[in-house]
Amino acid sequence: DGGITQSPKYLFRKEGQNVTLSCEQNLNHDAMYWYRQDPGQGLRLIYYSQIVNDFQKGDIAEGYSVSREKKESFPLTVTSAQKNPTAFYLCASSEGGSYNEQFFGPGTRLTVL
Amino acid sequence: KQEVTQIPAALSVPEGENLVLNCSFTDSAIYNLQWFRQDPGKGLTSLLLIQSSQREQTSGRLNASLDKSSGRSTLYIAASQPGDSATYLCAVRPDPQETSGSRLTFGEGTQLTVNP
């Protein structure tokens, strides 16, 4: 059963804590992405990776970090430096280059208490 | 900088009605345009992808058109059903020959409610 999985579905964090969101895909896609979605707004790109061991900042990378040690995994860490981390986080992947159709995971809702 | 606008922000229609969702973009140098559906609290489901050289794409009751020169795309939904209720987002990808980078720029979405 191919697809993109994100875990956990809901995540609560205290202020000042780092937290890591998981994204795994078994589609054999080269490119992976992290987006943030706030109520009433479109998606904004945080980080993306076109190949293993390489990634680039998106439009709102401050306060976030990523790694791409394996093709199928692209975890996102929300650090304490992120001023307003409460949001819905979406992971996506695409085959080959990033000009191809993107497929999305089910999302993780992060709430900072 | 590319900007994508979707009008209306919300739409409520009776079941069975045909409807059109609009998407406009400011920079016509695009590689392709993608329409997505998002159910509340869920991820995005890709509906249709139109390459810049294409005029339209069809999938079942959905038809998406693209007028690249005028910076517009429409998503036509025929014979709407309550199960079509969701938020519909469009996103554009820049033309690599004219713009650096390949990131998608998303609109804010149209929230559709189809009433039984």
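Now for a description of the structure that goes with this document. Within every chain, residues take consecutive numbers counted from 1 along the sequence as written. Going through the entries in the order they are written, you letter the chains from A and number the ligands from 1. For this predicted model, a pLDDT threshold of at least 70 governs which residues receive local features, and a threshold of 80 or more governs which side-chain atom pairs are given and counted, while totals over whole chains, interfaces and linings are taken from all residues. Computation of side-chain values: all heavy atoms of the structure, hydrogens and water removed.

All names here are of chain A. Strands are runs of DSSP state E lasting at least 2 residues, helices are runs of H or I lasting at least 4, and numbering of each runs from the N terminus. Within the secondary structure, Ser93 sits in strand β9 (residues 87-94). N or O atoms within 3.5 Å of each other form a polar contact, as long as, within protein, one can give a hydrogen and the other can take it, and as long as residues adjacent in sequence are counted only when both atoms are side-chain atoms. Only 2.7 Å separates the side chain of Ser93 from the side chain of His29, close enough to count as a polar contact. In what follows, residue pairs with any heavy atoms lying within 4.5 Å of each other are defined as contacts. Setting aside residues no more than four positions away along its own chain, Ser93 makes contact with Ile4, Gln25, Leu27, His29, Ala31, Met32, Tyr33, Glu101, Gln102 and Phe103.

Of note, the bond from Ser7(A) into Pro8(A) is cis; its omega dihedral lies within 30 degrees of zero at -10 degrees. Inspection of the secondary structure assignment puts Pro8(A) in the loop between β1 (4-7) and β2 (10-13). Cis geometry is found at the peptide bond from Ile7(B) to Pro8(B), where omega equals 0 degrees. Along the polypeptide, Pro8(B) turns up in the loop between β1 (4-7) and β2 (10-14). In this model, Asn53(A) sits at a positive phi of 65 degrees, which is unusual for a non-glycine residue. Tracing the chain through its elements places Asn53(A) in the loop between β5 (43-51) and β6 (54-57). We note that Ala79(B) has phi near 45 degrees; this positive angle belongs to a residue other than glycine. Structurally, the position occupied by Ala79(B) is in the loop between β8 (72-77) and β9 (86-94). Each residue's exposure class comes from its accessible area (1.4 Å probe, protein chains only) as a fraction of the maximum for that residue type: buried when under 20%, exposed when over 50%, partly exposed otherwise. A relative accessible area of 38% places Ala79(B) in the partly exposed class.

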